Amino acid sequence: MALSYKLLAGKTAVITGCNRGIGKAILEGFAANGANAIACTRKETIEFSRFISLLSEKYSVSIIPVYFDASDVDEIKSAARQIMASEKQIHILVNNAGVGYNALFQMSSLEKLKEVFEVNFFGPFLFTQYLIKLMVRQNSGNIINISSTAGMDTYDGQSIYGSSKAAMICMTKVIASELRAFGIRANSIAPGMTETDMLLSLPKDVILEKIRKGGDKGICKPSEIADTAVFLASDLSANISGQVIRVDGGMK
Ligand SMILES: NC(=O)c1ccc[n+]([C@@H]2O[C@H](COP(=O)([O-])OP(=O)(O)OC[C@H]3O[C@@H](n4cnc5c(N)ncnc54)[C@H](OP(=O)(O)O)[C@@H]3O)[C@@H](O)[C@H]2O)c1
C-alpha cells in the first residue's frame, strides 16, 4: 500500500511552466501533498484549465492559474503584482519554466544567447526579486530553481543552455546566503536528461548514448524531479539551503 503524507499541507506554492513536462509533475506532486498553488503558464488553454480543476478536486486544494511569458519583463511584473495582491503568504517559489538549446559554440549567435537567457535566467531572476519582497515581509520563504546538470558538467553543444543554468545555480547560492537572515532558503535541482518535450532539443545519438549507458536510470522521469521538489519544499529539508541536488541516476 502506498503511504500518503501531506508534506505540504497549509503551504502555498508558485510554480512556473506548469502546463507540461517537469512543471506539470511538480504541480501534481505538490497538490498530492496538500499544497495550494499559483500555477503559472505562458498561455491559457482548455486542457490546462481542465487539468487544474481535476487536480484541485482530486486533492482538495486551491489551484489558481496565472499567465505570463517568462521572457517579457512587463508580463513578469504584472503577474508578480497579481500574485502579491491576491496572496497573503507565498511559502514556496519554483522557477521551472525554461527552454532548451543545442548548438556548437562556433555556431551560437548572440541573438540566441539573449533569447535563452531571457527565459532561463533573466525571467526567473526578476520574478524571484518581486516575490522575495513578500517573503522578506513574512520573514520566511523557500525558493527552488530548476537548473540542469548542463550547468555543472561539460556537454558539447550546451554553451548557451549550460551557461544559463550555471547562472541560475549561482543566483540560487547567493540568494541562500543574502536572505538567510530573513528565514528564506534557496536550493536548486539539477536534472539530468528527463523524459519531456525538451529532449527534442538534443541530437538523437546523444539521447541513445545516455540510454545505452544508464539503462532505465539513464533518462529521468518528471515524477522523480517532482519528488525531489516536494522534499525541498517540505519541512523535511528545513535546514538545507544553498545546495544543488542532482537528479540524474548518478550519471555524468
Ligand atoms: N527535460 C530535460 O532533460 C531537462 C533536464 C534538465 C533541466 N531541465 C529543466 O527543467 C525545466 C522544465 O523543462 P521540461 O523538461 O519540463 O521542458 P518542457 O516540457 O519543454 O517544458 C518547458 C516549460 O517551460 C515553459 N516555457 C518555456 N518558455 C516559456 C516562456 N517564455 N514563458 C513561460 N513559460 C515558458 C513551457 O511553456 P509552453 O508550453 O507555453 O511552451 C513549458 O511549460 C526547464 O527549466 C529545463 O531547462 C530539463
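Residues numbered from 1 in each chain as written. Predicted model: local features only at pLDDT ≥ 70, side-chain atom pairs only at ≥ 80, totals over all residues. Heavy atoms only, no water.

Asks: Would you mind going over the overall build of the chain in detail, with residue names and values included?
Replies: Within the chain, the regular secondary structure consists of 7 helices and 7 strands. Helices and strands appear in the chain in the N-to-C order β-α-β-α-β-α-β-α-β-α-β-α-α-β. Here the C-alpha atoms of the chain give a radius of gyration of 17 Å, agreeing with the 18 Å that 2.2 N^0.38 yields for 252 residues. Overall, the C-alpha framework of the chain stretches about 50 × 45 × 40 Å when taken along its three principal axes. For the chain, buried positions account for 50% of its 252 residues. By element, 55% of the accessible surface of the chain is carried by carbon and sulfur atoms, the whole surface being about 12,700 Å². Placing the 27 positive and 24 negative side-chain charges of the chain at their respective mean positions leaves the two points 4 Å apart. (Helix = DSSP H or I, 4+ residues; strand = E, 2+ residues; numbered from the N terminus. Rg over C-alpha atoms; globule rule 2.2 N^0.38 Å. Buried < 20%, exposed > 50% of the residue type's maximum accessible area, 1.4 Å probe, protein only. Areas by Shrake-Rupley, 256 points an atom, 1.4 Å probe, with all protein chains shown as cover. Lys, Arg positive; Asp, Glu negative; His and termini not counted. Charge placed at Lys NZ, Arg CZ, Asp CG, Glu CD.)

Asks: Tell me about the pairing of strand E5 (residues 141-146), residues and numbers included.
Replies: Within E5, 6 of the 6 residues are buried, which leaves the element mostly enclosed by the surrounding structure. With burial as the criterion, each face of E5 is covered, one bearing Gly-141, Ile-143 and Asn-145 and the other bearing Asn-142, Ile-144 and Ile-146. Of the pairings in the sheet, the one linking strand E4 (residues 92-95) to E5 comprises 4 bridges and is parallel in character. Bridging across to E5, Leu-93 finds its partner in Ile-143. Of the crossover connections in this fold, the one passing from E4 over helix H4 (residues 110-138) to the parallel E5 is right-handed. A crossover connection joins E5 to the parallel strand E6 (residues 184-191) through helix H5 (residues 159-178); in handedness this β-α-β unit is right-handed. (Pairing = 2+ DSSP bridges. Right-handed = clockwise from strand over helix to strand, strands pointing away.)

Asks: Let's hear about the site of the ligand: which residues, and what values?
Replies: Around the ligand, the surrounding shell holds 28 residues, and the nearest of these are Asn-19, Arg-20, Arg-42, Tyr-161 and Thr-196. One of the backbone N or O atoms of Gly-17 is found 3.3 Å from an oxygen atom in the ligand. Contact with the protein chains removes 93% of the 890 Å² of surface that the ligand exposes when unbound. At the level of elements, helix H1 (21-32) and H5 are the ones that each hand at least two residues to the shell around the ligand. (Near = heavy atom within 4 Å. Polar contact = N/O pair within 3.5 Å; in protein donor to acceptor, adjacent residues only side chain to side chain.)

Asks: Tell me what's going on with the packing of aromatic side chains, and back it up with residues and numbers.
Replies: Here the structure, examined in full by the defined rule, presents 6 aromatic pairs. Pairing Phe-117 with Phe-121 gives two aromatic rings, centres 6.1 Å apart and planes at 80°, and the pair type is edge-to-face. Separated by 4 residues within a single helix, Phe-117 and Phe-121 lie in helix H4, roughly one turn from each other. The two residues Phe-117 and Phe-121 agree in class, both being buried. Summarising the aromatic geometry, the rings of Phe-121 and Phe-125 are spaced 5.6 Å apart at their centres and angled 65° between planes, so their arrangement reads as edge-to-face. Taken together, the residues Phe-121 and Phe-125, both in helix H4 and 4 residues apart, mark about one turn of the helix. Taking the relative accessible area as the measure of exposure, Phe-125 reaches 35% and is therefore partly exposed. Through successive ring pairs, a cluster of aromatic residues spans Phe-117, Phe-121, Phe-122 and Phe-125. For Lys-24, the ring lying beneath its charged end belongs to Phe-51, and the centroid distance is 4.6 Å. (Phe/Tyr/Trp six-rings, centres within 6.5 Å; stacked < 30°, edge-to-face > 60°. Lys NZ or Arg CZ within 6 Å of the ring centre and 35° of its normal.)

Asks: Go over helix H7 (residues 222-233), please, and point to the residues and values.
Replies: The first and last C-alpha atoms of H7 sit 16 Å apart over 12 residues, in line with the 16 Å expected at 1.5 Å per residue. In this fold, the buried residues of H7 make contact with H1, E4, E5, E6 and strand E7 (244-247). (Expected span 1.5 Å × (residues − 1). Contact = heavy atoms within 4.5 Å.)

Asks: Just give me the short version of unusual backbone geometry, but keep the residues and values in it.
Replies: Notably, Ser-60 is not glycine yet its phi reads approximately 50°, a positive angle. Note on placement: Ser-60 falls in the loop between helix H2 (46-59) and strand E3 (63-67). Positive phi is not limited to glycine here, since Asn-139 has a value of about 60°. Of note, Asn-139 is situated in the loop between H4 and E5. Its relative accessible area of 46% is what places Asn-139 among the partly exposed residues.

Asks: Which residues make up the nonpolar core, and what values do they have?
Replies: With 33 residues, the main nonpolar core has Ile-26, Leu-27, Phe-30 and Ile-63 as its most contacted residues. Going through the elements one at a time, strand E1 (12-16), H1, strand E2 (36-41), H2, E4, E5 and H7 are the ones with two or more residues in this core. Apart from residues lying up to four places away in sequence, Ile-26 is in contact with Ile-15, Val-94, Ile-146, Ala-226 and Ala-229. Within the second largest apolar cluster, 30 residues are counted, among which are Ala-79, Leu-93, Phe-127 and Leu-131. (Core = buried A, V, L, I, M, F, W, Y, C linked by side-chain atoms within 4.5 Å.)

Everything listed here is a matter of geometry and, on its own, says nothing about what the molecule does.
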